[in-house]
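As a plain string of letters, each chain reads:
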Amino acid sequence: MITLYGSLHSRALRNAWMLRELGLEWENVPTNFQDGSTRTPEFLAINPNGRVPALDDDGLRLCESLAINLYLARKYGGPLAPRTMEEEALATQWSFWVITEIEKPLLLAAANRVLFEPASARREAEVEIALGKLARPWGVLNRHLQRQAYLVNEHFTVADLNVASVMTLLPLAGIDIEAWPSMQRWLRECLDRPAVADWKDVSFKIPRPETALEMLRMFV
């Protein structure tokens, strides 16, 4: 039995998307990182980091959302799985890339558009700083997608799912990406897939870090 821990308003949505694409049977335990559920002894026995998501696949316990998806693709196969060692390497590369190049500045931009609470804690100047950092990697992705429709081969794979799942924050935060039309086309196609129909349902809010150091730790 596969059990996914984490509210689907969190990064656990990335794994729910993958599990649905694979057509697997799974159970969700909606552990919430905001109410202390991830700090209980029971949850820390599953993921000592005290974070969601976490996955239990018949006794194998994993954390880190994109690594979980790479594992699921490798184990259960299907059209989302890499077909060769080279494709597996590329899927891993793009998964590392989106975390390294995209996730933190995009989260900073989204926090200042929709996630920080109260709304008075949001700073549009910080959005502009984050978007400045994102312009270069978005250019890299856009040029790649000018040459081919998807990241690794001619169809949607775990590589596309992992990268697009991080970038769901773009439309949620109302960030304009018309300057990168190939990336925009690709992201729209990814988010139109039925398996991720609930990507728009992100209801959580986060308090603004109280100090500059806390801000750096969270977003840089």
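Residues numbered from 1 in each chain as written. Predicted model: local features only at pLDDT ≥ 70, side-chain atom pairs only at ≥ 80, totals over all residues. Heavy atoms only, no water.

A. A look at the pairing of strand β3 (residues 54-57). Both faces of β3 are covered, namely the face carrying Ala54 and Asp56 and the face carrying Leu55 and Asp57. Here strand β1 (residues 2-5) runs beside β3; their pairing, made up of four bridges, is antiparallel. Bridging from a neighbouring strand, Ile2 pairs with Asp57 of β3. When β3 meets strand β4 (residues 60-63), the two strands line up antiparallel, connected through four bridges. (Buried < 20%, exposed > 50% of the residue type's maximum accessible area, 1.4 Å probe, protein only. Helix = DSSP H or I, 4+ residues; strand = E, 2+ residues; numbered from the N terminus. Pairing = 2+ DSSP bridges.)

B. Here's a closer look at the nonpolar core. Formed by 63 residues in total, the largest nonpolar core has its most connected members in Trp17, Ile102, Trp138, Leu141, Leu151, Met167 and Trp186. For this core, the elements supplying multiple residues, two or more each, are β1, α1 (12-22), α3 (65-76), α4 (85-115), α5 (124-147), α6 (158-166), α7 (169-172) and α8 (181-191). For this core, the element with the most residues is α4, which contributes twelve residues. Here Ile102 is in contact with Trp97, Leu134, Pro137, Trp138, Val166 and Met167, once residues within four sequence places are set aside. (Core = buried A, V, L, I, M, F, W, Y, C linked by side-chain atoms within 4.5 Å. Contact = heavy atoms within 4.5 Å.)

C. The pattern of salt bridges, seen in detail. According to the stated counting rule, one finds twelve salt bridges in the structure shown. Arg14 is the salt-bridge partner of Glu103, the closest N and O atoms lying 2.7 Å from each other. Pair noted here: Glu103 is in helix α4 and Arg14 is in helix α1, with a separation of 89 residues, a long-range link. Of the two residues examined, Glu103 and Arg14, each falls in the buried class. Overlapping salt bridges bring together Arg11, Arg14 and Glu103 as one network. (Salt bridge = Lys/Arg side-chain N within 4 Å of Asp/Glu carboxyl O.)

D. Representation of the sheet that holds β1. An order of β2-β1-β3-β4 is seen for the four strands of this open sheet, with the pairing classed as mixed. In this open sheet, the two edge strands, each paired with only one partner strand, are β2 (26-29) and β4. Going across the sheet, the axis of each strand differs from the next one's by a mean of 20°, ignoring polarity. Sheet contacts for α1: β1 and β2; angle to β1, the most-contacted strand, approximately 155°. Each of β1, β3 and β4 is contacted by α3, which is oriented at about 25° to β3, the strand it contacts most. (Axes fitted to C-alpha atoms, helices over the stretch in contact; angles between N-to-C directions.)

E. Quick look at the environment of Gly174. On the secondary structure map, Gly174 appears in the loop between α7 and α8. Its relative accessible area of 55% is what places Gly174 among the exposed residues. In the structure, Gly174 is positioned 64 residues away from Ala110 in sequence and 8.5 Å away in space, judged by C-alpha atoms.

F. Main features of the side chain of Asn47. Of note, Asn47 is situated in the loop between α2 (41-44) and β3. The class of Asn47 is buried, set by a relative accessible area of 2%. At 2.8 Å, the side chain of Asn47 and the backbone oxygen of Arg51 are in polar contact. With sequence-adjacent residues up to four places away left out, Asn47 is seen in contact with Pro53, Ala54 and Cys63. (Polar contact = N/O pair within 3.5 Å; in protein donor to acceptor, adjacent residues only side chain to side chain.)

G. Structural detail: unusual backbone geometry. Val52 connects to Pro53 through a cis peptide bond whose omega is 5°. Of note, Pro53 is situated in the loop between α2 and β3. Following Glu117, the chain continues into Pro118 via a peptide bond in cis, with omega recorded as 5°. Following the sequence through the fold, Pro118 ends up in the loop between α4 and α5. One non-glycine residue, Asp58, adopts positive backbone phi at about 55°. With respect to the helices and strands, Asp58 occurs in the loop between β3 and β4.

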